[in-house]
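Close look at the chain arrangement
Each chain, letter by letter, is given below.
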Amino acid sequence: MALERFSNVVQLCQALPESRYTAEHHDSFTAAGRACIQEGHCNDVLSILLDEKNQDTVSCMGWTLLPPLIQLLLKKEDQNLPRWAAIFTHLLETCRPKELLIGLLEQLEHSDPHTAAESLHLLLKPLQKVLLRLGSRKASSLGMTLSSVLDQLIKLPLPLTKEQEETDEFSVCRCCIELADFVRPFFQEARQSLSSRSDRDCGLEDELRAELLKFCMKTLSHLLLEVQLRGPDELTESALRTFATHILDGLASVGEHLHSLVFQPVLKRKQVPGFLEEEVRYPKASLASVAHLVFVHHLAADRFPSIFSPVFCLRCNMEHVFLLLSSTEDPKLQKGLELYEESLVRLEDGSLPADLLQIRTFLTVPQNMVKVMTLCPRHDLRTKGLKVFQLSIEKFDTEAKYRLFQYILRTSNHSGVEGYIIKNIRTQIHVALQVRPRSFSFSAALTSN
Amino acid sequence: MTVFYTMTTDQDLLMDGPAATSVIAAKGIDLTPNKDQGVIKVVQCPGFDVERPMIGDRVTVHYTGRLLTGKKFDCSRERKEPFSFNAGKGQVLKSWDIGVLSMQRGEVCTLLCKPEYAYGSAGNPDKIPPNASVVFEMELLSFEGESLTDDGGVVRRIKIKGEGYSQPNDGASVDVYLEGRCDGRLFDSRNVSFIVGEAEDKGVPLGVDRAMDKMQKGECCLLYLKPKYGFGSKGKAEYKIGPDRDIVYEVTLKDFRRAKESWEMDIYEKVNLAPGVKNKGNQYFKTGQYHQAVIQYQRIISWLEMECGTGIEQHQRIQEFVLTAHLNLALCFLRLKDFSHVVDNCNKVLELDENNEKAFYRRGEARLYRNEFGLAKEDFQKVLQVNPANQAARTQILICQNKIKEHHEQDKKIYANMFQKFAEQDAKVCKLSVLDWKDKEEAGRHCEDHRERGVGH
């Protein structure tokens with residue numbers, strides 16, 4: 001009987017020092033212990049595990065009992081749930097952190113999309129407890145954990161409408177709240193280490209910050225870029241919006257300035273080709289996600305200085321817009337259009353000089369816009385694309401408009417777009433003929449071509 | 001001092017908008033070049049230095065922004081972090097660029113800005129209504145030249161701003177006017193044209209070459225160069241410059257013609273030009289110009305590393321170019337003692353050719369320099385696996401073994417002393433610390449054992 005076997009092996013181990021445990025002891029303990037759990041002997045197992053005399057054995061081998069235990073706790077049907085929970089808690093406090101971590105993460109990784117949310121709900125707090133027990137050596141374990149947790153979260157179907165976010169059928173919102181609670185103490189630790197820098201700890205604390213940064217970047221590109229956030233006028237309380245704000249706050253905790261991240265495409269120093277260290281540390285998609293959250297949703301507004309020139313913001317955002325509009329996924333296209341629009345509305349009409357067209361993205365973004373307007377299957381995106389396209393034209397000065405029209409006529413290969421451009425040209429000629437004195441002869445330039 | 005100027009500002013603003021505006025306009029100076037009253041400054045507290053920032057300088061300020069109603073919309077002090085940016089480059093509001101270039105270190109001032117020099121008719125959707133004049137209180141904490149490289153070896157300060165958003169890239173041909181000075185003495189003054197990446201051919205130092213891609217047409221700037229980017233430890237006899245001297249070059253970029261970027265070239269162009277670039281790199285390597293050689297080899301990689309070619313033969317040619325470039329880079333970085341880049345490049349070679357003898361050897365050398373004796377020995381042993389006749393590798397292995405032994409001796413001595421100290425203290429403390437190490441070791445071992453035994457699913 002499983003209980004007898006378990007009892008026996010535990011008694012055997014009682015008499016031996018840890019260094020004398022053999023492979024047979026380990027295997028017996030594991031097999032018997034798991035069978036006991038599966039057979040439901042919660043009281044007996046609990047008393048064996050709590051017994052003072054068995055603590056060394058438990059701390060050494062107890063972690064192997066996690067798999068069936070966690071399965072039980074996930075099912076939630078058992079009437080002895082409190083007992084199993086007590087066993088779980090005892091193991092979390094007694095066994096070695098690194099081994100517990102392996103056990104917990106293995107269970108997390110085995111969940112499918114249907115159980116992912118419940119697994120996260122059950123295991124996040126225990127994981128946090130175990131990681132905090134690791135003290136200053138937690139960085140790489142934390143990184144591994146965050147990566148696994150995110151992989152599970154990403155499996156869940158994201159809410160598409162405001163109603164879906166409110167009902168939270170697949171518990172995505174709940175998971176995000178729990179994830180934010182999970183990382184909070186680690187961000188706090190990073191923040192404190194930043195303000196009280198001591199040379200001695202530099203290495204370990206840098207590692208911690210690096211892992212947290214990796215986590216923020218992955219969340220931004222894999223989760224927040226896919227989901228549609230609702231503004232406060234649409235949804236007063238939004239778990240997803242709060243979560244996004246926590247992530248932006250988290251970036252500050254690890255010493256990253258939001259404006260440095262958003263403006264990195266223009267401000268960074270030249271990178272050595274082939275060594276994409278910066279690109280790995282700051283993935284482009286993640287930076288685009290930050291730009292969108294800051295400019296379109298105005299999150300973390302008090303932390304983002306408002307004294308940047310609108311033209312400079314546009315220059316930097318064009319890189320992000322280009323990335324987003326190069327995607328074929330609707331959520332990203334939509335975000336690209338929103339970011340572009342938001343950057344354009346801050347400019348005066350006719351204020352962008354032709355010089356800007358020397359910058360590559362000022363030509364490639366219109367090309368992407370043409371693709372969206374002509375090829376995107378969604379009608380609302382095509383319409384929005386056209387609206388933003390026209391808005392962008394308004395912002396260029398006369399000479400720039402002329403160059404842009406030339407470029408699009410040459411490269412669009414689409415009669416509808418060409419017709420649209422010609423309509424714009426007619427408008428410009430009309431305007432040019434009315435304004436005196438003519439600073440740039442639009443009609444003359446055009447007829448000379 | 002802080003209290004003084006805050007009170008003054010608030011007092012001015014306790015009056016309503018128009019009244020405050022006229023007070024500041026009466027007391028202040030119009031900073032705009034065309035005197036349209038767009039930016040008016042009142043100095044609250046003068047600076048303690050005569051010098052003012054130059055264009056491009058990295059300036060650090062504290063500021064508070066308010067609407068004319070007195071409402072605060074932005075404040076760096078509340079964030080407890082000063083704000084830094086490059087002055088005069090259009091990164092910030094027009095009024096800021098104009099304002100900060102007029103300030104001295106330590107100065108505190110108030111700027112009254114018309115909407116054309118601030119947020120315009122669009123305003124800022126978040127915080128600023130359209131057509132709003134705004135008031136900034138600014139304190140200039142510090143400023144310094146713009147560092148163009150990660151190691152601070154090239155620092156730029158711009159005298160005359162250039163124009164346009166296009167800049168010379170590697171391979172561009174540039175026409176410049178140069179004035180080189182060392183300790184104030186002019187040693188070089190000429191008009192010269194060169195190819196970016198190959199300035200060395202015209203006797204123009206690396207620092208000037210590397211600054212080109214940050215310059216605009218028409219720009220005149222001062223470049224402060226450390227020896228690494230100047231004339232190094234050899235100095236330059238014909239200019240009477242000794243070893244390891246800092247130099248300053250005033251550079252005017254008169255004109256330039258960009259070279260095609262990688263994405264502007266088709267595969268045939270790249271494959272045709274690659275041998276020439278490789279030869280150029282080899283030339284520089286032979287004459288000991290390792291930085292310049294690196295630039296050439298990196299060009300090959302940036303052109304070709306993402307290319308697949310249109311057929312097996314072309315694909316193989318491309319692979320060869322890329323592999324050779326990485327190997328050559330590894331060698332250059334060995335000479336430059338930049339060991340992590342040696343390892344990176346060798347790793348790239350091994351990704352393409354997992355039995356590359358030279359890559360193992362050079363990586364071994366780099367690791368030896370970094371005192372990673374175990375890893376170095378492994379690399380040299382791999383060399384012997386690929387080519388048992390490589391005597392140099394055998395010698396290196398012996399060196400590694402000796403170094404490992406040396407370090408073990410050293411470690412033993414250190415730990416012996418440590419134990420001595422512990423033994424002299426509390427004996428219980430000693431026992432616990434030993435057990436702790438053993439504990440960690442065993443936890444690690446157990447984890448390995450458990451995973452291997454397949455415990456778990």
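Predicted, not measured: the structure shown is a model, and the values here were computed from it.

Reading guide: rules and limits
Residues numbered from 1 in each chain as written. Chains lettered and ligands numbered in written order. Predicted model: local features only at pLDDT ≥ 70, side-chain atom pairs only at ≥ 80, totals over all residues. Heavy atoms only, no water. Helix = DSSP H or I, 4+ residues; strand = E, 2+ residues; numbered from the N terminus. Rg over C-alpha atoms; globule rule 2.2 N^0.38 Å. Buried < 20%, exposed > 50% of the residue type's maximum accessible area, 1.4 Å probe, protein only. Contact = heavy atoms within 4.5 Å. Lys, Arg positive; Asp, Glu negative; His and termini not counted. Charge placed at Lys NZ, Arg CZ, Asp CG, Glu CD. Polar contact = N/O pair within 3.5 Å; in protein donor to acceptor, adjacent residues only side chain to side chain. Buried area = accessible area lost by both parts, 1.4 Å probe. Salt bridge = Lys/Arg side-chain N within 4 Å of Asp/Glu carboxyl O. Nonpolar A, V, L, I, M, F, W, Y, C, P; charged D, E, K, R; others polar. Pairing = 2+ DSSP bridges. Axes fitted to C-alpha atoms, helices over the stretch in contact; angles between N-to-C directions. Parallel < 35°, antiparallel > 145°, perpendicular 65-115°, else oblique. Left-handed = near helix turned anticlockwise from the far one by under 90°. UniProt positions renumbered as here; feature names shortened; annotations may be inferred. Phe/Tyr/Trp six-rings, centres within 6.5 Å; stacked < 30°, edge-to-face > 60°. Core = buried A, V, L, I, M, F, W, Y, C linked by side-chain atoms within 4.5 Å. pLDDT = per-residue confidence, 0-100. Arc of directions from axis to C-beta.

Details of the overall build of chain A
Scanning chain A from N- to C-terminus turns up 24 helices and zero strands. The C-alpha radius of gyration computed for chain A amounts to 29 Å, which surpasses the reference 22 Å derived for 449 residues by more than 25%, pointing to a less compact arrangement than a globule. Taking the principal axes of its C-alpha atoms as reference, chain A extends roughly 100 × 50 × 40 Å. Split into buried and exposed, the 449 residues of chain A put 53% on the buried side. Taking the contacts inside chain A whose residues are at least 6 apart along the sequence as the reference set, 75% of them involve residues at least 24 apart. Averaging the locations of the 50 positively and 56 negatively charged side chains of chain A gives two centres separated by 7 Å.

Considering the overall build of chain B
Of the regular secondary structure elements, chain B holds twelve helices and 13 strands. Looking at chain B residue by residue over its 457 residues, the buried ones come to 47%.

Here's the deal with the side chain of Glu 139 of chain B
Looking at the element boundaries, Glu 139 of chain B is found in strand 7 (residues 134-144). Of the polar contacts made by the side chain of Glu 139 of chain B, one reaches the side chain of Arg 77 of chain B; its length is 3.0 Å.

Notes on the interface of chain A and chain B
Contact with chain A, which involves 51 residues of that partner, is made by 49 residues of chain B. Between chain A and chain B, roughly 4,300 Å² of surface is buried when both sides are summed, and carbon and sulfur atoms account for 57% of that area. Linking chain A to chain B there are zero salt bridges. Where chain A touches chain B, the interface holds eleven residue pairs in polar contact (both at pLDDT 80 or more). Counting residues per element, the ones that place at least two in the side of chain A that touches chain B are helix 2 (23-39), helix 7 (97-109), helix 18 (310-325) and helix 19 (330-345) of chain A. By residue class, the composition of the side of chain A that touches chain B is 21 nonpolar, twelve polar and 18 charged.

A few points about the pairing of strand 4 (residues 72-75) of chain B
Every other side chain in a regular strand lies on the same face of the sheet, so the side chains alternate between the two faces. Residues and elements named next belong to chain B. Pairing between strand 3 (residues 58-67) and strand 4: three bridges, direction antiparallel. Across the sheet, the residue bridging to Arg 66 is Lys 72, located in strand 4. Between strand 3 and strand 4, which pair antiparallel and follow one another directly, the connecting turn spans four residues, one of which, Gly 70, has a positive phi of 95 degrees.

Considering the pattern of salt bridges
All names here are of chain B. One pass over the structure, following the stated rule, counts 54 salt bridges over all chains. In this structure, Glu 51 and Arg 105 form a salt bridge, with 4.0 Å as the shortest nitrogen-oxygen distance. With Glu 51 in the loop between strand 2 (39-45) and strand 3 and Arg 105 in the loop between helix 3 (94-100) and strand 6 (108-113), this residue pair connects regions lying 54 residues apart in the sequence. Of the charged contacts in the structure, one is a salt bridge between Asp 209 and Arg 210, with a shortest N-O distance of 2.9 Å.

Brief notes about the packing of helix 18 of chain A against helix 19 of chain A
Residues and elements named next belong to chain A. Two numbers describe how helix 18 lies on helix 19: the axes approach to 8 Å, and their chain directions differ by 160 degrees. By the angle between their directions, the pair helix 18 and helix 19 is classed as roughly antiparallel. In the crossing of helix 18 with helix 19, the sense of the turn from one axis to the other is left-handed. Contact residues: helix 18 offers Leu 314, Asn 317, Met 318, His 320, Val 321, Leu 324 and Leu 325, while helix 19 offers Lys 332, Leu 333, Lys 335, Gly 336, Leu 337, Leu 339, Tyr 340, Ser 343 and Leu 344. Tallied by class, the residues present in the contact of helix 18 with helix 19 amount to ten nonpolar, four polar and two charged.

With respect to the UniProt feature "domain: PPIase FKBP-type" (unreviewed entry) in chain B
The UniProt feature table records "domain: PPIase FKBP-type" (unreviewed entry) at residues 56-144 and 171-257 of chain B. The distance separating the terminal C-alpha atoms of residues 171-257 of chain B is 9 Å; by composition the span is 7% helix and 44% strand.

What to know about the packing of helix 5 (residues 267-286) of chain B against helix 7 (residues 312-335) of chain B
Residue and element names in this part refer to chain B. The geometry of helix 5 relative to helix 7 is characterised by a closest axis approach of 11 Å and an angle of 25 degrees between their N-to-C directions. Judged by the inter-axis angle, helix 5 sits roughly parallel to helix 7. Considering how the two elements wind past one another, helix 5 and helix 7 form a crossing that is left-handed. The residues of helix 7 that touch helix 5, namely those facing Ile 267, Tyr 268, Val 271, Ala 274, Pro 275, Lys 278, Asn 282 and Phe 285, are Gln 314, Arg 317, Ile 318, Phe 321, Thr 324, Asn 328, Leu 331, Cys 332 and Arg 335. When its residues are assigned to classes, the contact of helix 5 with helix 7 shows ten nonpolar, four polar and three charged.

Structural notes on the sheet that holds strand 12 (residues 220-225) of chain B
Residue and element names in this part refer to chain B. The sheet built from six strands is open, its strands ordered 8-9-12-13-10-11 with antiparallel pairing. In the strand order of this sheet, the two ends are held by strand 8 (146-147) and strand 11 (185-195), each with one partner. The pairing of strand 10 (residues 173-182) with strand 11 spans ten bridges and is classified as antiparallel. Paired with Val 176 across the bridge in strand 11 is Val 192.

Describing the UniProt feature "repeat: TPR" (unreviewed entry) in chain B
On the UniProt side, "repeat: TPR" (unreviewed entry) is annotated at positions that read residues 357-390 of chain B here. For residues 357-390 of chain B, the helix share is 79%, the strand share is 0%, and the end-to-end C-alpha distance is 9 Å.

Some words on the packing of aromatic side chains
Residue and element names in this part refer to chain B. Summed over all chains, the structure comprises 26 aromatic pairs over all chains. Note on Phe 85 and Trp 96: the rings are 5.6 Å apart at their centroids and 55 degrees apart in plane angle, and the pair reads as tilted. Of this pair, Phe 85 sits in strand 5 (residues 83-86) while Trp 96 sits in helix 3; the two residues are eleven residues apart in sequence, bridging distant segments of the chain. The pair formed by Phe 85 and Trp 96 is uniform in burial state, with each residue classed as buried.

Quick look at unusual backbone geometry
All names here are of chain A. The phi angle at Ser 171 is positive, at roughly 65 degrees, despite the residue not being glycine. If you trace the backbone, Ser 171 turns up in the loop between helix 10 (162-167) and helix 11 (172-195). You will see that His 298, though not glycine, has its phi angle at about 55 degrees, which is positive. Structurally, the position occupied by His 298 is in the loop between helix 17 (284-295) and helix 18. By relative accessible area, His 298 is classed as partly exposed at 27%.

Points about the nonpolar core
In this structure, Phe 6 and Leu 251 of chain A together with Trp 96 and Phe 136 of chain B are the most contacted members of the largest nonpolar core, which totals 171 residues. If you tally residues by element for this core, the top one is helix 11 of chain A, at eleven residues. The contact partners of Trp 96 of chain B, leaving out residues within four places of it in the chain, are Ile 307 of chain A together with Val 61, Tyr 63, Phe 83, Phe 85, Phe 136 and Met 138 of chain B.

Thoughts on the confidence of the model for chain B
All names here are of chain B. Per-residue confidence for chain B averages 87 on the pLDDT scale, and 87% of its residues sit at or above 70. Scored below 50 in pLDDT, residues 1-15 shows 21 contacts in the model against residues more than four places distant or in partner chains. Confidence drops under a pLDDT of 50 for residues 446-457, and excluding neighbours within four residues, the segment shows 25 contacts in the predicted structure.

Quick look at helix 3 (residues 42-50) of chain A
Residues of helix 3 of chain A that are buried: Cys 42, Val 45, Leu 46, Ile 48 and Leu 49 of chain A. Seen along its axis, helix 3 of chain A keeps its buried residues to an arc of 165 degrees; they face one direction.

Focus on the pairing of strand 10 of chain B
Residue and element names in this part refer to chain B. For strand 10, the tally of buried residues reaches eight of ten residues, placing the bulk of the element in the interior. The antiparallel hairpin formed by strand 10 and strand 11 contains two residues in its connecting segment, where Asp 183 sits at a positive phi of about 55 degrees. In this sheet, strand 13 (residues 247-257) lies alongside strand 10 in antiparallel orientation, the contact comprising nine bridges. Residue pairing across strands places Gly 180 opposite Tyr 249, the latter belonging to strand 13.

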